[in-house]
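If you want the building blocks of each chain, they are given just below.
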Amino acid sequence: MPQTPEKFDTAMTTWQEWQDAPWGRLRYVIAEVNLARHLNSQNDGPLRILDLAGGDGGDALRLAARGHHVTIVDYAPAMLAAATERAAADGLSELIACVQADVAALPAYLAAGQFDVVLCHNLLQYMDDVPGTLATVLAPLKDGGLFSVMAINRHSAALNITVRQMDPAAALAALDTDQARTQMFNSALTLHTAEEIIPVLHDLGCQDVQHYGIRSFCDYIIDDARKYDPAFYADLEQLELATTARPPYMHTARAFQLTARKRSS
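What counts, and where the lines are drawn
Residues numbered from 1 in each chain as written. Predicted model: local features only at pLDDT ≥ 70, side-chain atom pairs only at ≥ 80, totals over all residues. Heavy atoms only, no water. Helix = DSSP H or I, 4+ residues; strand = E, 2+ residues; numbered from the N terminus. Rg over C-alpha atoms; globule rule 2.2 N^0.38 Å. Contact = heavy atoms within 4.5 Å. Areas by Shrake-Rupley, 256 points an atom, 1.4 Å probe, with all protein chains shown as cover. Lys, Arg positive; Asp, Glu negative; His and termini not counted. Charge placed at Lys NZ, Arg CZ, Asp CG, Glu CD. Axes fitted to C-alpha atoms, helices over the stretch in contact; angles between N-to-C directions. Parallel < 35°, antiparallel > 145°, perpendicular 65-115°, else oblique. Left-handed = near helix turned anticlockwise from the far one by under 90°. Nonpolar A, V, L, I, M, F, W, Y, C, P; charged D, E, K, R; others polar. Buried < 20%, exposed > 50% of the residue type's maximum accessible area, 1.4 Å probe, protein only. Polar contact = N/O pair within 3.5 Å; in protein donor to acceptor, adjacent residues only side chain to side chain. Phe/Tyr/Trp six-rings, centres within 6.5 Å; stacked < 30°, edge-to-face > 60°. Pairing = 2+ DSSP bridges. 1 Å grid on protein atoms, 1.4 Å probe; cavity = no way out; pocket = protein on both sides within 12 Å on 5 of 7 lines; lining within 4 Å. Points joined across faces, edges and corners; volume = space filled by probe spheres on them. Expected span 1.5 Å × (residues − 1). Arc of directions from axis to C-beta.

A.B. asks: Hey, could you run me through the overall build of the protein chain in this one?
C.D. replies: Counting its secondary structure elements, the protein chain contains 12 helices and nine strands. For 265 residues, the compact-globule estimate of 2.2 N^0.38 gives 18 Å, and the protein chain sits close to it at 18 Å. When the backbone C-alpha atoms are referred to their principal axes, the protein chain occupies close to 50 × 40 × 35 Å. For the protein chain, the share of sequence-separated contacts (at least 6 apart) that also reach a separation of at least 24 residues comes to 78%. On the protein chain, roughly 11,900 Å² of surface is accessible, and the fraction owed to carbon and sulfur atoms is 54%. Within the protein chain, one finds 20 positive and 32 negative side-chain charges whose respective centroids are separated by 4 Å.

Right, dumping it as structure tokens:
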């Protein structure tokens, strides 16, 4: 269910506020730490990273700050403009390239780019053909390269509704549907689970798949104001990092992140 770029452009202010909030910061911190577990084992030189649907550079800027070259692909002009501005402000312009394109129809030079790392974060919930999308986004990755995919976790939906909305009837209904909606971008979503995506990755030639949870506790603490307290946030961040790969917590985390290696042909 592809969305128009304008939906994302008009939500820029709300999106940036979300990123600056504790839950937004946690999303990026946890993902970066999970990626670092695997990036540190590749080599000592800068990597070529492709960040698909990379928006305004939330992931890309962190990776560029580590010395890697990152190409952001997105089809929302305002998102890419913001990424360019953020890169300049952080002195990272030489390490960040922005390309306006549809991830489902990548330019040929990117599709055959032989990237060391490909990110596909928070895209799957907007797409109708998940296997087809994953096949497309894996194409630019070289053999042995690292792939990271992130999406909203369907297992979290009923729990989130119960805790945040205190609506058990709506939570009961959520158990039997994969449909949801994002208010921020006013878009319909299809929710997935890591258990559904892992076999697809295997079928597409991926191996060494690792499952991580993004925000296993934060979203179920209803006192959002307290999360802005620096000491409380620091403790929460440590808890989240300690449980990102620890069963059973990643199974009910608000989002799942899967990393994998592309098997050699």
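Back to the write-up after that little detour.
A.B. asks: Mind showing me how you'd approach the packing of helix 7 (residues 130–138) against helix 10 (residues 194–203) here?
C.D. replies: The relative placement of two packed helices comes down to the angle between their axes together with the axis-to-axis distance. One way to put it is that helix 7 packs onto helix 10 with a least axis distance of 10 Å and a crossing angle of 50°. Viewed along their axes, helix 7 and helix 10 adopt a mutual orientation that is oblique. Crossing hand, helix 7 versus helix 10: right-handed. Contacts from Val130, Pro131 and Leu134 in helix 7 reach Ile197, Val200 and Leu201 in helix 10. Within the contact of helix 7 with helix 10, the residues separate by chemical class into six nonpolar, no polar and no charged.

A.B. asks: Please explain the environment of tyrosine 212 as it appears in this structure.
C.D. replies: Structurally, tyrosine 212 is set in strand 8 (residues 206–214). Tyrosine 212 gets classed as buried once you look at its relative accessible area, which sits at 3%. As a C-alpha pair, tyrosine 212 and leucine 241 span 29 residues in sequence and 9.9 Å in three-dimensional space. Leave out the neighbours within four places in its chain, and tyrosine 212 touches Asn34, Arg37, His38, Thr244, Ala245, Met250, Ala255, Phe256, Gln257 and Thr259. For tyrosine 212, the side chain forms a polar contact with the side chain of histidine 38, separated by 2.8 Å.

A.B. asks: Please clarify how the packing of aromatic side chains should be interpreted in this entry.
C.D. replies: Two aromatic rings, taken as a pair, are described by how far apart their centres are and by the angle between their planes. Taken as a whole and judged by the stated rule, the model has three aromatic pairs. For the ring pair tryptophan 15 and tryptophan 18, a centre distance of 5.2 Å and an interplane angle of 5° mean the geometry is stacked. Taken as a pair, tryptophan 15 and tryptophan 18 lie in helix 2 (residues 12–20) at a separation of three residues, close to a single helical turn. Between phenylalanine 217 and tyrosine 249, the ring centres sit 5.4 Å apart and the planes meet at 40°, which makes this aromatic pair tilted. Taken as a pair, phenylalanine 217 in the loop between strand 8 and helix 11 (230–243) and tyrosine 249 in helix 12 (residues 249–252) lie far apart in primary sequence, 32 residues in all.

A.B. asks: How should the sheet that holds strand 4 (residues 115–121) be read in this particular structure?
C.D. replies: Through backbone hydrogen bonds, the strands of a sheet pair up, either in parallel or in antiparallel fashion. Pairing is mixed across the open sheet formed by seven strands, whose spatial order is 3-2-1-4-5-9-8. Where the open sheet ends on each side, the last strands, each with one partner, are strand 3 (96–100) and strand 8. On average, each strand axis in the sheet is tilted by 15° relative to the strand beside it, whichever way the strands run. Bridging between strand 1 (residues 48–52) and strand 2 (residues 69–74) involves five bridges; their strand directions are parallel. Bridge pairing in strand 2 places isoleucine 49 opposite valine 70.

A.B. asks: Can you walk me through empty space enclosed by the protein in this structure?
C.D. replies: One way to see where empty space is left: roll a probe the size of a water molecule over the atoms. Taken as a whole, this structure holds one cavity of 30 Å³ or more when the rule is applied. One number sums up the size of the largest cavity: a volume of about 30 Å³. Around the largest cavity sit Tyr28, Ala31, Glu32, Leu35, Asp59, Arg62 and Leu63, which together line it. With four residues, the single largest contributor to the lining of the largest cavity is helix 3 (residues 22–39).

A.B. asks: Got a minute to help me understand the layout of surface pockets in this structure?
C.D. replies: When its volume is computed, the second largest pocket comes out at roughly 190 Å³. Taken together, Gln16, Gln19, Asp20, Gly24, Arg25, Tyr28, Asp56, Gly58, Leu61, Arg62 and Arg86 form the lining of the second largest pocket. Only helix 2, helix 3 and helix 4 (58–65) provide two or more residues apiece to the lining of the second largest pocket.

A.B. asks: What should I look at first to understand the pairing of strand 6 (residues 179–182) in this one?
C.D. replies: When a strand is regular, its side chains alternate between the sheet's two faces. Here four bridges tie strand 6 to strand 7 (residues 187–190), and the two strands are oriented antiparallel to one another. Considered in strand 7, the bridge of arginine 181 is made with alanine 188. Linking two consecutive strands that pair antiparallel, namely strand 6 and strand 7, is a turn of four residues; a positive phi of about 50° is found at asparagine 186 within it.

A.B. asks: What am I meant to see in helix 5 (residues 77–89) here?
C.D. replies: The periodicity of an α-helix, 3.6 residues per turn, causes residues three or four positions apart to be oriented the same way. With 13 residues, helix 5 extends 18 Å from end C-alpha to end C-alpha; this agrees with the ideal 18 Å at 1.5 Å per step. Among the residues of helix 5, Met79, Leu80, Ala82, Ala83 and Ala87 are the ones counted as buried. Take helix 5 and look down its axis: the buried residues cluster within an arc of 160°, on one side only. The exposed residues of helix 5 that point more than 90 degrees off its buried face are Glu85 and Ala89. In the segment just after helix 5, glycine 91 is the residue with positive phi, at about 70°.

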